[in-house]
Amino acid sequence: MSQQTTERIFETYVEEILREKAGWQPGDKTEWDKERALFPEHVVSFLQTTQPKLWEEMKALHGVGLESLLVNTLTKELDLKGSLHVLRHGFKFYGKSFRLAYFKPAHGLNFDVLELYNKNSLRLTRQVPCHPSDGCTVDMLFAVNGIPIATCELKNPGTGQSWRHAVKQYREDRDPRAPLFQFKSRALVHFAADPDEIHMTTRLQKEKTHFLPFNRGSHPGEVKCGAGNPQHPSGYRTGYFWEEILQRDSFIDVIGHFMFIEKKEEKVDDGKGGKKRVVKETMVFPRYHQLDAVRKLVATTRDEGPSHNYLIQHSAGSGKTNSISWLSHRLASLSFSSVKFRVPSRCGCACRAR
């Protein structure tokens, strides 16, 4: 089998899984505005569909110029506050608030919110222009309601390339100053992927760009677990990423409840022989093991109820504090109606949890 054929098979698998099993729609790169780094038509369509009364109110005031005014205002808000903030809290337009996304409520009793949640539009677009000044393209762009959330450079060892080449491409060929890649204002996370491994970063800084693995480990759940990923039913070791992590509900959940900006104060040279305090921001995207642990414990609590003991194996430096924080927040938001209370048939010791 030729290298080109091997690469096409993997790319076709990824696209088909995302469309047919993960809930993504195909995007059209001709609708992409690379200067403003968003899909204006998708933004307008979402606002019209989910907030028709507010849209008509604004249309009566601004007429045919509404769409242009609104997109310009949104662009400024994204540049100022960032896409994560705008997706979660919306943006102001002439004294009114427009929502850019709806997140799943803690319980299924709020039917109006669930209906709006189901109207979120997730689109995967291939070979999207990523620099306004040249013809460079990024392999995959993931957008929610017209707002870019993630990019991915997809490689295949069958063509002599791997995720390491994707990392090199992000570091050497991608301009962090380009609208799409500017920290927190547009795409929030960037993935370097091949059939065997996934690595990610939330900030492009040329050669200083730091990538973290987004892998399951060679033997998930076992005491001896090394780097990489185990075999997957799809035939690709990274199948879990395309089929599970990027699944529609999962991906929206990560945006709405896991991602956050961490701020730390640091001392740096002030150029005059002294030190000055600066605030360093880091966009946090959960690692696979963190997502897996939190979601499994929440699901188990819903099924078994409270007052049980569980054991999580977390290695040093793997983000225990964030895992505990995410879990505490999710458990606190569980409604009593969604938790089943029953007498367990097994002991309540830590050996029960795996």
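In this text, all values refer to a predicted model and were calculated from it rather than measured experimentally.

**Quick look at the pattern of salt bridges**
In the structure shown here, the tally under the stated rule is 18 salt bridges. Among the salt bridges present, the one from Arg-174 reaches Glu-153, with a minimum N-O distance of 2.9 Å. Taken together, the residues Arg-174 in the loop between helix H7 (163-173) and strand E7 (189-193) and Glu-153 in strand E6 (residues 147-154) connect sequence positions 21 residues apart. Assigned by exposure class, Arg-174 and Glu-153 land together as buried. Connected through salt bridges with shared partners, the residues Glu-11, Glu-15 and Arg-126 form a single ionic network.

**Some thoughts on the packing of helix H2 (residues 40-50) against helix H4 (residues 66-81)**
Packing of H2 against H4 brings their axes to within 11 Å, and their N-to-C directions diverge by 105°. The pairing of H2 with H4 is recorded here as roughly perpendicular in orientation. Residues Pro-40, Val-43, Val-44, Leu-47 and Gln-48 of H2 lie in contact with H4, whose contacting residues are Glu-67, Leu-70, Val-71 and Leu-74. Looking at the contact of H2 with H4, its residues break down into 7 nonpolar, 1 polar and 1 charged.

**Topic: the sheet that holds E7**
On the basis of which strands lie adjacent, the open sheet formed by 7 strands has the order E1-E4-E5-E6-E7-E8-E9 and mixed pairing. In this open sheet, the two edge strands, each paired with only one partner strand, are strand E1 (25-26) and strand E9 (212-213). Examined bridge by bridge, strand E8 (residues 198-201) and E9 share 2 bridges and lie antiparallel to one another. If you follow Met-200 over to E9, its bridge partner there is Leu-212. Sitting on the sheet, H7 touches strand E5 (137-144), E6, E7 and E8, and the angle it makes with E7 is about 140°.

**Quick notes on helix H11 (residues 320-333)**
When the terminal C-alpha atoms of H11 are compared, their 20 Å separation across 14 residues agrees well with the 20 Å that a helix rising 1.5 Å per residue should span. Every buried residue of H11 is listed here: Asn-322, Ser-323, Trp-326, Leu-327 and Arg-330. Buried positions in H11, seen along its axis, are confined to an arc of 130° and lie on one side of it. Away from its buried face by more than 90 degrees, H11 exposes Thr-321, Ile-324 and Ala-332.

**A closer look at the pairing of strand E11 (residues 275-284)**
Two strands pair when backbone bridges link them, and strand E10 (residues 260-269) and E11 are joined in this way by 10 bridges, in the antiparallel orientation. Of the residues in E11, the one forming a bridge with Lys-264 is Lys-280. Linkage of E10 to E11, two consecutive antiparallel strands, is achieved through a turn of 5 residues, within which Gly-271 is found at a positive phi near 85°.

**Some details on the packing of aromatic side chains**
The geometry of an aromatic ring pair is captured by the separation of the ring centres together with the interplanar angle, meaning the angle of the planes. Within the structure shown, the criterion is met by 20 aromatic pairs. Where Phe-258 meets Trp-326, the ring centres are 5.4 Å apart and the plane angle is 55°; that geometry is what we call tilted. Placement of the pair is Phe-258 in the loop between helix H9 (248-257) and E10 and Trp-326 in helix H11, with a sequence separation of 68 residues. For the pair Phe-258 and Trp-326, one class covers both residues: buried. An aromatic cluster is built from Phe-191, Phe-214, Tyr-240, Phe-241, Trp-242, Phe-285 and Tyr-288, whose rings are joined through pairwise contacts. Positioned over the ring face of Phe-183 is Arg-203, at 4.0 Å from the centre of the ring.

**Re the confidence of the model for the protein chain**
For the protein chain, mean pLDDT is 89; residues scoring 70 or higher make up 91% of the total. In this model residues 341-354 is a low-confidence stretch, pLDDT under 50, and it forms 16 contacts with partners more than four residues away in sequence or in other chains.

**Considerations on H9**
The buried fraction of H9 is high, at 8 of 10 residues. At the N-terminal boundary of H9, the capping side chain belongs to Gln-247, with an oxygen 3.0 Å from the backbone nitrogen of Asp-249.

**Overview of the state of the cysteines**
Enumeration over the complete set of coordinates arrives at 0 disulfides. This cysteine, Cys-130, is not joined by any disulfide, and Cys-136 carries the nearest cysteine sulfur, 5.5 Å off. The exposure class of Cys-130 is buried, given its relative accessible area of 1%.

Cut-off values and rules
- Residues numbered from 1 in each chain as written.
- Predicted model: local features only at pLDDT ≥ 70, side-chain atom pairs only at ≥ 80, totals over all residues.
- Heavy atoms only, no water.
- Salt bridge = Lys/Arg side-chain N within 4 Å of Asp/Glu carboxyl O.
- Helix = DSSP H or I, 4+ residues; strand = E, 2+ residues; numbered from the N terminus.
- Buried < 20%, exposed > 50% of the residue type's maximum accessible area, 1.4 Å probe, protein only.
- Axes fitted to C-alpha atoms, helices over the stretch in contact; angles between N-to-C directions.
- Parallel < 35°, antiparallel > 145°, perpendicular 65-115°, else oblique.
- Contact = heavy atoms within 4.5 Å.
- Nonpolar A, V, L, I, M, F, W, Y, C, P; charged D, E, K, R; others polar.
- Pairing = 2+ DSSP bridges.
- Expected span 1.5 Å × (residues − 1).
- Arc of directions from axis to C-beta.
- Phe/Tyr/Trp six-rings, centres within 6.5 Å; stacked < 30°, edge-to-face > 60°.
- Lys NZ or Arg CZ within 6 Å of the ring centre and 35° of its normal.
- pLDDT = per-residue confidence, 0-100.
- Polar contact = N/O pair within 3.5 Å; in protein donor to acceptor, adjacent residues only side chain to side chain.
- Disulfide = S-S within 2.5 Å.

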